Amino acid sequence: MSLSELEQGKKAVVASILGGRNLRQRLVNMGMLPGSEVTVVRSSKMGPMVLNVQGAQVMIGRGMAKQIYVKQQ
Amino acid sequence: MSNSNDFTIAFTGNPNCGKSTLFNALTGAKQHIGNWPGVTVELVEGSYQYNDQNYKLIDLPGIYSMSANSDDERVSRDYVLSGKANLVVNILDASNLSRNLYLTFQLIEMKVPVVVVLNMMDLAENSGIAIDIEHLSAHLKCPVIGVSAVNPADPKRLKDFIAERAAEQEISNLELRYPNEIEDLASEWAKRLKPGSVRPGVDSRWLALRLVEEDPWVTYKVTVKGLISEEEIKTGINAVKNILTESPDVVIADYIYGAVNGVCREVISRVRKTKPVSDIIDSFVMHPVLGVPIFFAVMLLVFYVTIEIGNIFVDWFDTAAGIVFVDGFRSLLTRLGAPDIVAFFAADGIGAGIQMVISFIPFVFFMFLMLSLLEDSGYMARAAFVMDRFMSMLGLPGKAFVPMIVGFGCTVPAILATRTLDNRRDRMITVFMVPLMSCGARLPVYALFAAAFFPHRTGFIVFSLYMVGILIAVLSGLLVKFTLYHGEPSHLIMELPRYHVPRAKHILLHTWSRVKDFIRRAGQVIVIAVFILSIFSAISVHGGFEPDNVTDSLLAAAGRAVAPIFTPMGVARDNWPAAVGLFTGIFAKESIVGTLSAIYSQLGGTTGATGLALLKDNFTGTGAYAYLLFVLLYMPCIAALSTTMKEISVRFGLLQAVYLTVVAWVVATLFYQIGEGHNPVFIAVAIGIIAAIILIFVALGRSGRKASD
């Protein structure tokens, strides 16, 4: 499933990142790489999401979240 | 100023690691703001003296990584690689070590002298974290110090630390090992990238690893110099990809995170667990429903302070500057026996220009003050979150809403406020829209006309103009988004900073250095422009110098010459003062009113009427509203234009000025012709121009994309 569909409070593991090198690098720089764990801290139907990644809160746009595939645990 | 014995120290670290605060603590007001060449990234330099030694400090932009995917990262990486810094000081947020250490490992890999400063030790302690500094230093094989802003002895400790390390300039010999496939390829390539072959002083292993990562800059440099061929690189990387079933850059990042987590496990001990206050505040300010009204309340405060409080000071600054630079210059020169013409140009040319720059200072000051409050407190990131869903329709980040709000007060600080946006594309779209947020200087023009022509609907008329401005801004934003900047989505990804109480010293220093920068940069252009316009208003068509004879001035002649252009929008053929008003409006929009009444009364209104009635002699109701539409939309004033030219580029400023003026004509003409003129030719021309604008932007977008390919 795509990260954007993950509900608030749920935890998942990043499976793959779609899109080009630039997008991938920006995510990787924030600690979102395949195999890493993310928790959705805040999410509504529209607008960005707040995630817990590597112990810090990271805000990510919905467009970007749609390009990240996750496996829910 | 600087000499070869000075030490150059570069500060680098993640956003929100408290880097600027430490920078301010060391340099105080001894700092200077500029731009990195070719990009809109702010370059902050400062200096201090310690034990008879000069230190030059460079504050690199806050970044998460040295991957060079944004201007901020490129600027930082280039600078670190340049070897200009004797010491690279990596500042880390001690309460968020695992996130911050990623950059540290990348820096160490660059084989430059790096030292680590753990900042905000007090915060880490408060949130129940204890860090073993010596142990961390042993792991990183580089010096580490812990400091906090609340400890008064820490600036001196930090200065001692830097003094010692800058003299040693030791390079950490920590080397991270990656999977064998990557190591083999990298070491083979590293042998062929001999020291200095790509860029003097840049480490070979670092270059080889970046090559494996498909870093565009390194790949370009290596292939263009013929060190390793493009095919060979591709074959090597594909072989690695096939074995690892993952892009090498992801694998490398994974190994760095592995090392970071390993170090963190060893050096951090959690004394106790606390629930951060941030989470509680966030549940209100980031609430899907509550967040919006809270945002607007904060914006109202920003607007109120910048414009309303600013306005109080504007009058003082304006009056004082007028007394000194205009009246003072004049009486001084007259007393010295200078000819009238010299006194006029010194006072009403240069003096008036300086006066204008000074009168903007309160707006600019309060604007930057409010912005740094928003940023420093941590609210800005939340504002971006709340507004993102609305602004993303325009392809803009949520933060872009802030300059728009400020634009209703004054366009100049609004353009400066776009500096908080992360990339150039977002800045350009926002700056393109900002002048359409009707600024405070345009209000007196609307108010006067509305009072004269629509005395019973003044409020509605003024409100409708603001709405038209917003509508055209949204349409213009969509136009540039779909043409000039098509297909470049802006990615919102940032760490949510913790809230903290704004630090007064830091904020004041931050604000003051930006005000100085505004005076220096935009100031020059404003003074020159005001000077040129003063020549046109004081030289008569007969060639003489007649500052009091407005009707015969070159400006009036220009007004007469262009007046026919305005007839389609309802300006009568003999109403040339209306055109002159638009010229002086370029100085400052509010001066339109003054110009009109001055010329109309000099011409001695046909009925001997004065004040508001004079306007009614020269416009019809529909024509007056069309004229107001033009005033709303046409090119921004000189101060705003100069600021845009300095902040973005001269070409962009000119394109915007022409675009806005043409759009103003089209909108005003359509309104007048549909409402009163009923001339199908003009309506057709206006619609034709709209089509032409769209085509031109599409063509500009195409050529821009070709140029960047």
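Anything mentioned here points back to the structure above.
This report concerns the structure included in the present document. As the structure is a computational prediction, the values presented were derived from the model and not from experiment. All residue numbers refer to position in the chain's written sequence, counted from 1. Lettering for chains starts from A, numbering for ligands starts from 1, and both go in the order in which the items are written. Local features are withheld for residues below a pLDDT of 70 in this predicted model, meaning they are given only at 70 or higher, and side-chain atom pairs are given and counted only at 80 or more; totals for whole chains, interfaces and linings count all residues. Hydrogens and water molecules were not included; the side-chain quantities draw on all heavy atoms of the structure.

## Regarding unusual backbone geometry
Residue and element names in this part refer to chain B.
Here's step 1: Positive phi, close to 60 degrees, is recorded for M120, a residue that is not glycine.
Here's step 2: Labels follow the DSSP assignment, with helices taken as runs of H or I lasting at least four residues and strands as runs of E lasting at least two, numbered in each case from the N terminus. By secondary structure assignment, the location of M120 is in the loop between strand 6 (114-119) and helix 4 (121-126).
Here's step 3: In this model, H678 sits at a positive phi of 50 degrees, which is unusual for a non-glycine residue.
Here's step 4: Locating H678 in the fold gives a position in the loop between helix 28 (650-677) and helix 29 (680-708).

## Concerning the layout of surface pockets
Residue and element names in this part refer to chain B.
Here's step 1: Note on definitions: the grid is 1 Å and covers protein atoms alone; a cavity is a set of points where a 1.4 Å probe fits but cannot get out; a pocket is an open set with protein on both sides within 12 Å along at least five of seven lines; lining residues have an atom within 4 Å of a point. Grid points are joined across faces, edges and corners, and a volume is the space filled by probe spheres set on the points. Reported here for the second largest pocket is a volume of approximately 1200 Å³.
Here's step 2: Lining the second largest pocket we find 43 residues, and of these M356, F587, A588, E590 and S591 sit closest to its centre.
Here's step 3: Sorting the residues of the lining of the second largest pocket by element identifies helix 13 (291-335), helix 14 (340-377), helix 17 (411-417), helix 21 (504-538), helix 23 (576-587), helix 24 (591-602) and helix 27 (638-647) as the ones contributing at least two each.
Here's step 4: As a working rule, the residues Ala, Val, Leu, Ile, Met, Phe, Trp, Tyr, Cys and Pro are called nonpolar, Asp, Glu, Lys and Arg charged, and the rest polar, with Gly in that last group. Among the residues making up the lining of the second largest pocket, the classes are represented as 26 nonpolar, 11 polar and six charged.
Here's step 5: All domain edges in this entry derive from an automatic or database-based domain assignment. Taken domain by domain, the makeup of the lining of the second largest pocket includes at least three residues from each of domain 3 (275-422 + 516-538) and domain 4 (442-489 + 547-709).

## Considering the interface of chain A and chain B
When the parts of a complex come together, some accessible area is lost, and that lost area is often taken as the interface size.
Here's step 1: Here a residue-residue contact requires only that any non-hydrogen atoms of the pair lie within 4.5 Å. With 30 residues of chain A at the contact, the number on the chain B side is 37 residues.
Here's step 2: Buried area adds together the accessible area that both of two parts lose upon being put together, with accessible area traced by a 1.4 Å probe. For the chain A and chain B pair, buried surface summed over both sides reaches about 3000 Å², with 56% attributable to carbon and sulfur atoms.
Here's step 3: What makes a salt bridge here is a side-chain nitrogen of Lys or Arg within 4 Å of a carboxyl oxygen of Asp or Glu, nothing more. Remark: the boundary between chain A and chain B carries one salt bridge.
Here's step 4: One salt bridge in this structure joins D249 of chain B and R24 of chain A, with 2.9 Å as the shortest N-O distance.
Here's step 5: Think of a polar contact as two N or O atoms within 3.5 Å of one another; within protein, one of them needs to be a possible hydrogen donor and the other a possible acceptor, and neighboring residues in sequence only count if both atoms come from side chains. On inspection of chain A and its partner chain B, the count reaches 16 residue pairs in polar contact (both at pLDDT 80 or more).
Here's step 6: When grouped by side-chain class, the residues that make up the side of chain A that touches chain B number 16 nonpolar, 10 polar and four charged.
Here's step 7: A pair of strands is labelled paired if DSSP reports no fewer than 2 bridges between them. The sheet contact formed by strand 4 (residues 56-60) of chain A and strand 10 (residues 493-495) of chain B spans three bridges and is antiparallel. The residue bridging M59 of chain A from the neighbouring strand is M494 of chain B, located in strand 10 of chain B.

## Some thoughts on the sheet that holds strand 8 (residues 144-146) of chain B
Two modes of strand pairing occur in sheets, parallel and antiparallel, and in both the strands are linked by backbone hydrogen bonds.
Residue and element names in this part refer to chain B.
Here's step 1: The sheet built from seven strands is open, its strands ordered 2-3-4-1-5-6-8 with mixed pairing. The open sheet has two edge strands with one neighbour each: strand 2 (31-35) and strand 8. Each neighbouring strand pair of the sheet contributes to a mean axis angle of 25 degrees, computed without reference to strand direction.
Here's step 2: Pairing between strand 6 and strand 8: three bridges, direction parallel. Paired with V116 across the bridge in strand 8 is V144. Interaxial angle, 0 to 180 degrees, is taken between N-to-C directions of lines fitted to C-alpha atoms, where a helix line uses only the stretch in contact.

Read these as spatial facts, not as claims about activity.
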